[in-house]
Structure formats: C-alpha cells, structure tokens
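Each chain, written out:
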Amino acid sequence: MFKGFYTVASGMLAQQRRTEMLSNNMANANTPGFKADQSAMRSFPEMLLQRIDQQSLPTEKGLNIPGNTRIGSISTGVYVQEVIPNFLQGDIKETGLNTDISLVNVNVPDNGEEDAVGSVFFTVTGPSGEERYTRNGNFTLDGAGFLTTASGMYVLDDAGQPIQLTSEDFSINEEGILTGANGETARLGVAYTDNANNLIKEGDGLYRTEDGNDLPNAYLAGGVQFNLQQGFLERSNVDVSRTMTDMMTAYRAFEANQKILQAYDRSMEKAANEIGRIG
C-alpha cells in the first residue's frame, strides 16, 4: 500500500509541473516571438518484486520451491522527462513602428536528426556581455541611441557590436541592412542553428548554447534563407484554446490522483485505528 502513495504522489508532481508550464505559456500568449513550451511525460522504470527469505511457495502442482521467488513487476509512477520549446514560426503582425523588426523563416534547414528544427535568431548581449539569442524583435532606442531589447540588452550587428543610431528614423531592408537618418549603415546580426532544440531557454525570450560557443552567422550559412520585415512583429505561437484544454486535462489528472491519495489515507487510518486494535 505504501508503494501506492509514492506512485500517486509522482503523478501529482508531474501534473503540477505540467500545469506550471502551461500557465507560463498562457501568460506569454501576447509576448512577441515567444515559443510555447511542450512537455514529454514518461513512466519510471518498472521494478521487479521478489519474495525474499521465503522457505517454500505453493505452485500450481502443489510443489514447494525453496528460495526467493519472483512475484511480478510494479510501476513506480511518472515524471516530466523534458520541457522543450516549440520553434514553429509565429504569425506576423504589423505594428508600423520603425523599431519593431520580425524574422521570417523562408528555408532554414535542420541537421537531419529526428525532431531537429533549424531556426534563425537575433543576436543580443546577455547580462554579462555574452551573446544571447531571441526571436523577439520588439526593439527600442536607449538614451545613447543604441538599439536595445525591451529589457535594455544591446542588439548586435553581424560583427558582434552594438548598433548605435541618431534617431528612430532609420530603415531596414529584407537583407538586414540598416540605414540611419545620417547615412550610417549596419547589418543586423542574425544567428543560425541547425537544431534549435539544443538551445537552453533562459527566460525573457532569451536562449543560449549548451556549450557556451556562439552560433554561426546566418548570412554566411549555406542554404539558409530568411528575411527581415521592419514595422512588423512575430507573435507568440501559443495556441490559447489548446493550452486551456491541456490545462483542464492536467488539472483533472491531478485531482484524480488526489482522490486516490485520500482513499489510501482513509485505508491506512482504518488499518491503524480499527484492524490493528487490540481487544
């Protein structure tokens, strides 16, 4: 019976984590460039039960077999094996703002591995100056004229340097060439990966590589085709109705496990207070 406690508890923890993931997706349904997380649940390896130190065991033929005897296997519950973003391209929405820029995938090949997905990203500076990647093109100009993200991180050019402008009166063509009001030019930095699932999600729409190395320049990657659109933003790819349905399913599964746990608790209470009573 105690094994049932652990099995039910693992199910409740897995559904709680799944609900938290879906709640985060829902909260970012209107965040530009946000990629919805998706989870994979898996059962723990089954364990083999044995009857230990049993002198004999009746069999179908009425014979007694000495020693340990296998009884069967038991499942020990489930867990959330991994949570990975869905890098499907989001819808493109027109905003009319010069500082809003969207990345549009045209032909971004993957590395051929199962479930691999190729993608391109804007390059920005991380909190400690390291290179980070984002699909959120909701940019702005700071007080010094640098092009930054909404949280103040510098947007980089294709040479890895911050982009400084004199005003918001600038233009960007589909090839990423940025031309300022005073004739200054730069090329917006865009990085490419042949498997975005290998990136680590940091929050605030940022990603980093697992090994700490920078991603290659997308402009120089063979076979990679994309374009940039000024005055547009890539919307979140969260499916609100599907997410609501999944949240209700996770909640009901959590509730069902909770009911089973309560039933175990009542059974243990009866065993302790009634069956185990002396006299």
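Before reading on, note that the structure itself is shown above.
Our subject in this report is the structure included herewith. Owing to the predicted nature of the structure, the values given are computational and were not obtained by experimental measurement.

1. Considerations on the sheet that holds strand S12 (residues 177–179)
- Pairing in this open sheet of 3 strands is antiparallel, and the strands run S11-S12-S13 from one edge to the other. A single partner strand is all that each edge strand has here, and the edge strands are strand S11 (171–172) and strand S13 (185–187).
- Sheet topology places S12 next to S13; 3 bridges connect them, and they run antiparallel. Note that in S13 the partner of Leu178 across the bridge is Ala186.

2. Some remarks on the pairing of strand S15 (residues 200–203)
- With 3 bridges joining them, S15 and strand S16 (residues 206–208) adopt antiparallel strand pairing. Bridge pairing links Gly203 to Leu206 in S16.
- Between S15 and S16, which pair antiparallel one after the other, the connecting turn spans 2 residues, and Asp204 there sits at a positive phi close to 60°.

3. Describing the pattern of salt bridges
- For the coordinates displayed, the defined rule picks out 8 salt bridges.
- Note that Lys201 and Asp37 form a salt bridge whose closest N and O atoms lie 3.1 Å from each other. Of this pair, Lys201 sits in strand S15 while Asp37 sits in strand S1 (residues 37–43), and the two are 164 residues apart along the sequence.
- Across the pair Glu130 and Arg132 runs a salt bridge, and its minimum N-O distance is 3.1 Å.
- Using a relative accessible area of 24% as the deciding quantity, one classes Glu130 as partly exposed.

4. Here's the deal with unusual backbone geometry
- Phi is positive for Asp115, close to 65°, though the residue is something other than glycine.
- For Asp115, the location among the structural elements is in the loop between strand S6 (101–107) and strand S7 (119–125).
- Positive phi outside glycine occurs at Asp204, with the angle close to 60°.
- Residue placement: Asp204 occurs in the loop between S15 and S16.
- The exposed category is assigned to Asp204, whose relative accessible area is 55%.

Thresholds applied
- Residues numbered from 1 in each chain as written.
- Predicted model: local features only at pLDDT ≥ 70, side-chain atom pairs only at ≥ 80, totals over all residues.
- Heavy atoms only, no water.
- Pairing = 2+ DSSP bridges.
- Helix = DSSP H or I, 4+ residues; strand = E, 2+ residues; numbered from the N terminus.
- Salt bridge = Lys/Arg side-chain N within 4 Å of Asp/Glu carboxyl O.
- Buried < 20%, exposed > 50% of the residue type's maximum accessible area, 1.4 Å probe, protein only.

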